[in-house]
Amino acid sequence: MPNSFRNQLIIAFLLILTLMQLTTALFVLTATQRDYRQQQTQNLNIGSNIFVEMLSNRNDQLSQSLSLLSADFGFKRAVATGEQDTISSVLANHGRRINASAVILLSPEGKLLSSSLQGLTSENINELFALTQNRSTSFDIFNFDHSSYQFVLQPVKAPTLIAWVGMGFTMDKTVADQAKTITGIDISFINQSGRVDIVSTLPEGLQQEVLSNIAQLAQNVGNFSDTLPNEYLSTTIALDRNSNHQWAVLHQSNAKWQQSYDALRNNMLMIFALTCLLAFLIAAWFAGGITRPIYALVNFARKVGQGENPQPITGAPAELQVLANTLSVMRENIESREHELVYQSQHDNLTGLYNRAAAKQQLGQLLMSMHGCIAMIDIKNFRHLNNIIGFANADNLLMLFASRLESLSPLPTLLSRLDGDSFLLLFQPSISREQLDMYLRQLTKPYDIAGSKISVNVRVGLVELSCDYNHNDIDKLIRHAEIALNQARIESQTIATYLQGEDERYLRELMIIRDLPIAISQGQLHLVFQPKVDIHSNSCNSAETLIRWQHPQLGFIPPDEFIRLAENSGNISMISDWVLNTTIKQLAQWQAQGIALTVAINLSAHDLTNAQLPLDIKQLLADNHLPIEALSIEVTEGAVMKDAQTVIAVLQQFKGIGIAIAIDDFGTGHSSLAYLKMLPVNEVKIDRSFIKDIHTDATDLMIVDTSIRLIKGLNLSVVAEGVESAEGIDILRRLDCDIVQGYVYSKPLKADEFTTWFSQFNQPNLSANIKDTVN
């Protein structure tokens, strides 16, 4: 009967059972769907990281090949001399070696010297040259002819910049398929430069769906979308960081997760229906039996989502056990990929040792108590050895070297490869000098490479740990080890130990290099002018421009110091341009005041390789309405020897437009006589080291006399530098020297002071007194 207690109990039980089933189903499906979403997102993130790592590895491959190419002496000589056939052959060979899709060679000014890409426009070349201005990113993309290239450019120096060499891989279907094979995720490359092109592992129909939603790409960088295309979870990576024309979109299909979700939902519906049908007979004991495994599965799914490692579920109904097994397998796969990525991020790919980042992290943990020592070891002349035995054999040598480091005694507490042939070792307790000598003898024993015995020599930079350091000074410790290693390299020692305070010079040089552009923009630099006096006519018609720098923190910085650093850091052209423009502006002011004289500027070795410089100076003089003879140049023979053929050609251009040329510091080099007859010079300046003591030193007098006779025999003018006494002037006049430059007449003067001195010295009624005091 409907109103019977039995029926009411059955109805009540069915209602309760129905409510429980619905609640359980909702809870399980919601938790499962959330967990699937988290797993899919995590899987897509891992795939993105692997994809970026793949591009970085390709970038490293390009960089390593370019480093080898740019260090090749024959290639640099071919570039410097313009041997186009040799350049093309070397570029093609290196490109084939790593299967590069494109190789190019640009001049330092961005002109195309050689390229495997046909039909490059000036805009394309400018875009390639722009990549040299910002090489701090992990990779650069270059678009050409509706194709995208992963491109890397590196400088070619000899020792100054003579060219930019670059190589690139095509971002095509092959790359997309390779990335999909590695990550298990579909990938689309979309190019929006000009027209919209897509290269994808997706089916054709889905590619069109992606293109129809292309406006979402910029908003999807770092985020996830369900509509690029539908039924896929997608994320976007901007490959072209400057113009946002090149995108990589990673697509994770929802099918696997949706199928599992649908299977779970259908199974639960079947259980629910079966429970309702059988509730009349077995409701009392069946309800408890079915809810317990469901809640166990929910708890398992929750723990997996939280990153825990729950025990596998057993004894559950077959339908739920399939889902439980699937979740367990998925958890194991995710953990395996995570462990692999962590290992790759901490270890060197070639040797398997810790890399620089991991070494710094490990040092921070190991050096809580400062005791022991750090040793940085590298292989002498490894780059030269690399060129001799080849890239692959050099890699084998590094692996054998690392293996021997791991096998020697005492075993270091930490062993890592920082970069190239540089290895960092931490010894706790400290290694003795005798132990280190024995250690190095073992390291330098011959290595069996390709059937040959290769012997190597090593250098070591040591840093003894003390209370002056703490575990937060890891960067400073590594820098000190590098300073010690560099000291060993400079002094040709096998072992050099860092001494307290050696990094002050290093930090000072870094500050000078960093502040040089600021000094130019803020007016910290100024020019001084030292008179050059004709000792036969007792008149001054010329001067030499000298640069001075008064640093706000470091005070006066000697020109030799910051000019050397500027040359080494590639900033010398910045100084030369400033000196040239400032000198010409001053000449224009003097001309307006009725002062006519010739001012000499010093040019560096880098300046003398610029074939455009003579024409630029000629135009600059014309723009300021100055005659050609208002400016002369001085070059050292050392600068000529850097690249004699190129420099002589540039000097011929200077002579051709009428600019006088002087050889500075004559006699201090080793090839003066050999090159003097070849150089198109007007004047030779004898170095002050031979001049300052000629009135007391007979040897110096003989050298100066011989030099003047030689120079005069070549019909060149003679300038004596560094004259500090009247006796010296008398001697130089008797030796038929033409011009004197030194403190005997005046120290280098600022422009206003020089104007006053020049006017007084050249006035007939005043100059006699001044010259009498000198004589």
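This text follows the structure it describes.
Residues numbered from 1 in each chain as written. Predicted model: local features only at pLDDT ≥ 70, side-chain atom pairs only at ≥ 80, totals over all residues. Heavy atoms only, no water.

Draft legend 1. Fine view of the overall build of the protein chain. Helix and strand counts for the protein chain stand at 25 helices and 26 strands. In terms of overall size, the protein chain is more extended than a compact globule, its C-alpha atoms giving a radius of gyration of 38 Å where 775 residues would be expected to give roughly 28 Å. Counting only C-alpha atoms and orienting by the principal axes, one finds that the protein chain spans roughly 145 × 65 × 55 Å. Counted over contacts in the protein chain with a minimum sequence separation of 6, partners at least 24 positions apart contribute 64%. Surface accessibility of the protein chain: about 37,500 Å² in total, with carbon and sulfur atoms responsible for 52%. Charge separation in the protein chain, taken as the distance between the mean sites of 57 positive and 77 negative side-chain charges, equals 4 Å. (Helix = DSSP H or I, 4+ residues; strand = E, 2+ residues; numbered from the N terminus. Rg over C-alpha atoms; globule rule 2.2 N^0.38 Å. Contact = heavy atoms within 4.5 Å. Areas by Shrake-Rupley, 256 points an atom, 1.4 Å probe, with all protein chains shown as cover. Lys, Arg positive; Asp, Glu negative; His and termini not counted. Charge placed at Lys NZ, Arg CZ, Asp CG, Glu CD.)

Draft legend 2. How the structure looks around empty space enclosed by the protein. Within the structure shown, the criterion is met by two cavities of 30 Å³ or more. When its volume is computed, the second largest cavity comes out at roughly 30 Å³. Lining the second largest cavity are Ile 512, Ile 513, Leu 516, Phe 562, Leu 565, Ala 566, Ser 569 and Asn 571. At the level of elements, helix H14 (503-522) and helix H15 (559-569) are the ones that each hand at least two residues to the lining of the second largest cavity. Here the lining of the second largest cavity gets four residues from one element, more than from any other, and that element is H15. The class makeup of the residues in the lining of the second largest cavity is six nonpolar, two polar and no charged. (1 Å grid on protein atoms, 1.4 Å probe; cavity = no way out; pocket = protein on both sides within 12 Å on 5 of 7 lines; lining within 4 Å. Points joined across faces, edges and corners; volume = space filled by probe spheres on them. Nonpolar A, V, L, I, M, F, W, Y, C, P; charged D, E, K, R; others polar.)

Draft legend 3. Representation of the state of the cysteines. Within this structure, the stated rule accounts for zero disulfides. Of all cysteine sulfurs in the structure, the one in Cys 737 sits closest to Cys 540, which takes part in no disulfide; the separation is 14 Å. (Disulfide = S-S within 2.5 Å.)

Draft legend 4. Highlighting the sheet that holds strand E9 (residues 230-238). Ordered in space as E7-E6-E10-E9-E8, the five strands form an open sheet in which the pairing is antiparallel. Only two strands of the sheet have a single partner each, and these edge strands are strand E7 (197-200) and strand E8 (225-227). Within this sheet the neighbouring strands show an average axis-to-axis angle of 30 degrees, counted without direction. Contacts from helix H5 (residues 173-183) reach strand E6 (186-191) and E7, with the element oriented near 150 degrees to E6. Across the sheet, helix H6 (residues 204-212) lies against E6, E7, E9 and strand E10 (246-253), angled at about 135 degrees from E7, the strand it touches most. (Pairing = 2+ DSSP bridges. Axes fitted to C-alpha atoms, helices over the stretch in contact; angles between N-to-C directions.)

Draft legend 5. Focus on the sheet that holds strand E4 (residues 147-157). Taken together, the five strands give an open sheet; going across it, the order is E2-E1-E5-E4-E3, and neighbouring strands pair in antiparallel fashion. With partners counted over all chains shown, the strands left at the sheet margins are strand E2 (112-115) and strand E3 (140-144), one partner each. Here the average twist between neighbouring strands, direction ignored, is 30 degrees. Where strand E1 (residues 102-106) meets E2, three bridges bridge the pair, whose relative direction is antiparallel. Bridged to Ile 104 within E2 is Ser 115.

Draft legend 6. Seen up close, the packing of helix H17 (residues 613-623) against helix H19 (residues 644-657). Where H17 contacts H19, the two axes come as close as 9 Å, and the packing angle between them is 30 degrees. Between H17 and H19, the crossing angle belongs to the class labelled roughly parallel. For the pair H17 and H19, the sense of crossing is right-handed. Note on element contacts: H19 touches H17 through Val 650, Gln 653, Phe 654 and Ile 657, opposite Leu 613, Pro 614, Ile 617 and Lys 618. Per-class residue counts for the contact of H17 with H19 are six nonpolar, one polar and one charged. (Parallel < 35°, antiparallel > 145°, perpendicular 65-115°, else oblique. Left-handed = near helix turned anticlockwise from the far one by under 90°.)

Draft legend 7. Representation of the packing of aromatic side chains in the model. For the structure shown, the criterion picks out 12 aromatic pairs. When the centroid spacing of 6.0 Å and the interplanar angle of 35 degrees are considered together, the rings of Phe 51 and Phe 189 count as tilted. One end of the pair, Phe 51, is in helix H1 (residues 5-71); the other, Phe 189, is in strand E6, with 138 residues separating them in the sequence. Residue classification places Phe 51 among the buried residues on the basis of a relative accessible area of 1%. Aromatic side chains Phe 427 and Tyr 439 sit 5.7 Å apart centroid to centroid with 90 degrees between the ring planes, which places their arrangement in the edge-to-face category. (Phe/Tyr/Trp six-rings, centres within 6.5 Å; stacked < 30°, edge-to-face > 60°. Buried < 20%, exposed > 50% of the residue type's maximum accessible area, 1.4 Å probe, protein only.)

Draft legend 8. Expanded view of the packing of helix H11 (residues 391-407) against helix H12 (residues 433-443). At their nearest, the axes of H11 and H12 sit 10 Å apart, and the two run at 145 degrees to each other. The two elements H11 and H12 cross, and the hand of that crossing is right-handed. On H12, the residues touching Phe 401, Arg 404 and Leu 405 of H11 are Tyr 439, Gln 442 and Leu 443. Among the residues making up the contact of H11 with H12, the classes are represented as four nonpolar, one polar and one charged.

Draft legend 9. Region of the structure containing a nonpolar patch on the surface. A contiguous nonpolar patch, built from Tyr 506, Leu 507 and Leu 510 and spanning about 250 Å² of accessible area, is present on the exposed surface. Given a relative accessible area of 40%, Leu 507 falls into the partly exposed group. (Patch = residues over 30% accessible without salt bridge, like charges linked within 9 Å, V, L, I, M, F, W, Y side chains within 5 Å. Salt bridge = Lys/Arg side-chain N within 4 Å of Asp/Glu carboxyl O.)

Draft legend 10. Structural detail: H14. The first and last C-alpha atoms of H14 sit 28 Å apart over 20 residues, in line with the 28 Å expected at 1.5 Å per residue. Along its length, H14 shows its largest kink, about 45 degrees, at Asp 515, and proline Pro 517 lies within four residues downstream of that point. Of all the residues in H14, the buried ones are Asp 503, Glu 509, Ile 512, Asp 515, Leu 516, Ala 519 and Ile 520. Where H14 terminates, the next one or two residues include Gly 523, which has phi positive at roughly 75 degrees. (Expected span 1.5 Å × (residues − 1). Bend = angle between axes of the 7 residues up to and from the residue.)

Draft legend 11. Geometry of the side chain of Thr 583. Inspection of the secondary structure puts Thr 583 in helix H16 (residues 572-592). At 2.7 Å, the side chain of Thr 583 and the backbone oxygen of Val 579 are in polar contact. If sequence neighbours within four positions are ignored, Thr 583 has contacts with Leu 527, Thr 545, Val 599, Ile 601 and Leu 631. (Polar contact = N/O pair within 3.5 Å; in protein donor to acceptor, adjacent residues only side chain to side chain.)

Draft legend 12. Highlighting H15. Every buried residue of H15 is accounted for by Pro 559, Glu 561, Phe 562, Leu 565 and Ala 566. The buried residues of H15 occupy an angular sector of 165 degrees when projected down its axis, which confines them to one face. For H15, the exposed residues set more than 90 degrees away from the buried face come down to Asp 560 and Asn 568. In the core, the buried residues of H15 are packed alongside H14, strand E19 (539-551), strand E20 (555-557) and H16. Looking at the residues trailing H15, positive phi occurs at Gly 570, about 80 degrees. (Arc of directions from axis to C-beta.)

Draft legend 13. Broad picture of the layout of surface pockets. Reported here for the second largest pocket is a volume of approximately 1,700 Å³. Lining the second largest pocket are 48 residues, with Asp 60, Ser 63, Gln 64, Arg 417 and Gly 420 sitting closest to its centre. Looking at the lining of the second largest pocket, the elements that each hand over two or more residues are H1, E4, helix H8 (318-346), helix H10 (382-389), H11 and strand E12 (414-419). Here the lining of the second largest pocket gets 12 residues from one element, more than from any other, and that element is H1. A per-class count over the lining of the second largest pocket returns 16 nonpolar, 19 polar and 13 charged.

Draft legend 14. Structural view of the nonpolar core. Grouped together as the largest cluster of nonpolar side chains are 82 residues, with contacts concentrated most on Trp 590, Leu 651, Phe 654, Val 704, Leu 732 and Tyr 745. Take this core: its biggest share by element is eight residues, from H16. Residues within four places of Val 704 in sequence aside, it is in contact with Ile 686, Phe 690, Ile 691, Ile 694, Leu 732 and Leu 735. Counting 32 residues, the second-largest nonpolar core is a separate cluster that includes Leu 397, Leu 405, Leu 440 and Ile 495. (Core = buried A, V, L, I, M, F, W, Y, C linked by side-chain atoms within 4.5 Å.)

Draft legend 15. Focus on the pattern of salt bridges. Counted under the stated rule, the structure contains 22 salt bridges. Taking the shortest distance from any N to any O, the salt bridge between Lys 360 and Asp 475 comes out at 2.7 Å. You can see Lys 360 sitting in helix H9 (residues 356-366) and its partner Asp 475 sitting in helix H13 (residues 474-490), a full 115 residues away along the chain. Judged by relative accessible area, Lys 360 falls into the partly exposed class, the value being 31%.

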